[in-house]
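Notes for the structure review
So you can see what is in the structure, the chains are spelled out below.
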Amino acid sequence: FYWSKDYCEARVDANVSLDAKRERARINFDITEGPRYDLNITGNTAFWNFTLNRDVLIFEEGNINDFNLRRSIRNIETRYREKGYLDVRINRIDERREENGQLVRSIELAIDEGPRYIVENVIIRGNDHISTETVSEQMLTAPPGFFYAGQYHPATLNEDIAAIRSFYRQRGYLSPVVTTQIETRRGEDEGIIHVDVLVNIQEGPRTSISDIKIKNLSVFEEQEAMGMLSIEPGALHRETRIQESRTILAANISEKGYPHVRINTEITISVDGTASEIIFRVNEGPYVEMGETFYVGNFLTRRTTLQRQSILDRNEPFSLADMLESQRNIRNINALSTARFRTIGLEEQADRVTLIAEVNERKPYFFTLSTGYDTSRQLYFNTGVGTINLFGRNKGLRSFVELSMIGYRGEIGYTEPNLFNTRIVADAIIFTEDIEELNKNFGVRSSGAAVNLSRPLTRTISASLGFLYDYRDQYLTGDTPIDPDDLAQYRSRSILVTTPGILYDTSDSFVRPTRGIRAAASVDISRGLDNDLDDFFKYRLNARYYYTPARRLTFAVQGQLGYIDPYGSVDTIPEDQLFFLGGTTDVRGYSENRLRIDENRNPVGGRTAIMGSLEARYNLWRNFELATFYDGGAIRNTLTDAGSSDWRSSVGLGLRYHTPIGPIGLMYGWKLDRREDESPGAWHFTIGYTF
């Protein structure tokens, strides 16, 4: 805190005194503030102060003994040299003065940028078997291009030389010699020095593998072992492929119960350098079996629940891969907070390995109680109770009820985190609800059951498949009579929906992301069991991108697309299935669901919804965040011609306070294309408390 307030030499020491009898501690913080820093950077024309300030560490990490000040100067010098300013010099002018009775340390970093070194020509010679264009592609050093200024940096050229050597070795040239010559000259512009780079290559002979042998192997037949390798006689001699083959062979031997296997590689090169003989000498080590697995700390979780996540079998050959996978599976058990593993006998090279798993369990039961207010539900209250470790089997059971100014919802849910001992998470719910969304002239009373299956495919991609049975009634609110043409959609309907989906997520946080992408795509395959109105495909695409160019500033970009495509005998879609926009969660500045309205100011839904948003978030202080935004959207393919299909947009300003349970926010959006009968904008407010 002090460093960020320009007191870069501040020290804070904590003195703790314990009172064992009263079971209390007294903590005294001794603060030495030191001088206030006044840092200025001058003489820079190649970079903005904003850019160079990112290399200054003293306001984030302090400046005890001037260590980080020197690091900051080196960072700035490195930035300049990487851009071709090889002769850059930074003169530090350091003065101390007193200002209003306070000691101030004034530091000026005066930069003498010097000329910029620009590559004029790159000349490659001696490459008889590989084209000049191919060799050039391995180099970052190059003349100026459309997206490249052509700056010269010796470290980059050294990396280029190493890349060319590696490129040749990967193609069978085991001893290439790559040297460079540099010529410089001043151009007409005094601030530019032109550089000619001459690259001399001596390729040497190209080596192929003449023979491969595997010695002292008993676990596999030699022919079977040869089939595991990624090299074969006649192939080019590549060090990476040889190393890869040795690793593959060792891994396969280890899985047969020989975890201490060692393989040495002997390579013999012919006199003329064109052929190589490779011998893999195997030392299998002792045979090891899997012994007992003991679990400690599972007071509630059943032993069988833990054992189901292990793929290690007693008296079977010990497998390192199976042990690591078993550890990952046990750590992923939702009922556990931590899990540590110890092996007995592995390091000692015993003939039997015992595994001890020390686990810590989460609290199995939970209770939530929340109340709050937001502009989509107005005043609401919800409560829930459940367990994450039902009968000690790592299964979840919960119940949830929410009451709000727009209706109610209740559900009972069951979660199976490892369906059929796989990584598939299954979640099933039974629900009932009655919701009258704000500004709509109809409500929906619904009950049914849903099952959702989800599975991570990679670290960033997960897939899901959902099934929903929905028995619903759509009804008009108030005294509005039902139009005879709409009578069918106001009868009770039974609907079956299948929803495949995929999620791509590289964001750094779910609650308060600052970088990355979060994109989700799904399609509802809806089938009316007793009607044709609910026969349609509903496509949804939502993508968000987060970028933080400065320490406190984050840009959030969002795009949404929804489209309904009927496939039944009728083109009419029930109004409760259409898309609506406007409100806190999409286009702010418009009341809930009122982006498109008819002549009676009733919301108009459509089969197509398009929405985009750009928001700048600035972290003010202590979890307070200032946000400015631009939102826009359109509702199209409506059932009637009421309202406008034009793109409607707004800009706004707001303040959020982030809490452990989510943000509290107050925002106001102004309509950019306000109509005569519309308000200038709308407030959006959310707040919640959890006990």
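To start, this report covers the structure provided alongside it. (Residues numbered from 1 in each chain as written. Predicted model: local features only at pLDDT ≥ 70, side-chain atom pairs only at ≥ 80, totals over all residues. Heavy atoms only, no water.)

Secondary-structure assignment places His153 in the loop between helix H4 (132–136) and helix H5 (154–169). A residue is classified by how much of its surface remains accessible, and His153, at 15% relative accessible area, is buried. His153 sits 107 residues away from Ala46 along the chain, and the two C-alpha atoms are 16 Å apart. If we skip the residues at most four places from it in the chain, His153 touches Arg81, Glu82 and Leu86. (Helix = DSSP H or I, 4+ residues; strand = E, 2+ residues; numbered from the N terminus. Buried < 20%, exposed > 50% of the residue type's maximum accessible area, 1.4 Å probe, protein only. Contact = heavy atoms within 4.5 Å.)

Moving on, we get to the sheet that holds strand S8 (residues 192–202). Sheet architecture is open: three strands sit in the order S6-S8-S7, paired in mixed fashion. Bordering the open sheet on either side are strand S6 (116–125) and strand S7 (177–186), each of which pairs with just one other strand. This sheet shows a mean twist of 20 degrees between the axes of neighbouring strands, independent of strand direction. In the sheet, S7 pairs with S8 via 10 bridges, with the strands oriented antiparallel. Paired with Ile182 across the bridge in S8 is Val197. Along the sheet, H5 makes contact with S7 and S8, crossing S7 at roughly 150 degrees. (Pairing = 2+ DSSP bridges. Axes fitted to C-alpha atoms, helices over the stretch in contact; angles between N-to-C directions.)

Take Leu533: it is sitting in the loop between strand S23 (516–528) and strand S24 (536–547). Sequence separation between Leu533 and Ile573 is 40 residues; the distance between their C-alpha atoms is 5.7 Å. With residues near it in sequence (within four places) discarded, Leu533 still touches Ala488, Gln489, Val570, Thr572, Ile573 and Pro574.

Under the definition given, this model contains 45 salt bridges. For the salt bridge of Glu9 with Arg105, the shortest nitrogen-to-oxygen distance reads 2.8 Å. With a gap of 96 residues between them, Glu9 in the segment before strand S1 (11–19) and Arg105 in strand S5 (residues 102–112) connect regions that are remote in the sequence. The buried category is assigned to Arg105, whose relative accessible area is 3%. Taking the shortest distance from any N to any O, the salt bridge between Glu61 and Arg71 comes out at 3.1 Å. Of this pair, Glu61 sits in helix H2 (residues 58–61) while Arg71 sits in helix H3 (residues 67–82), and the two are 10 residues apart along the sequence. (Salt bridge = Lys/Arg side-chain N within 4 Å of Asp/Glu carboxyl O.)

Before going further, it helps to spend a moment on the pairing of S24. In this sheet, S24 lies alongside S23 in antiparallel orientation, the contact comprising 11 bridges. By the bridge assignment, Ala521 is partnered in S24 with Leu541. When S24 meets strand S25 (residues 553–566), the two strands line up antiparallel, connected through 12 bridges. Paired with Tyr547 across the strands is Phe555, a residue of S25. The loop that links S24 with its antiparallel partner S25 comprises five residues.

A few words now on the environment of Ser509. Tracing the backbone through its elements, the reader meets Ser509 in the loop between strand S22 (493–505) and S23. For Ser509, a relative accessible area of 23% corresponds to the partly exposed category. Separated by 3.1 Å, the side chain of Ser509 and the backbone nitrogen of Arg512 make a polar contact. (Polar contact = N/O pair within 3.5 Å; in protein donor to acceptor, adjacent residues only side chain to side chain.)

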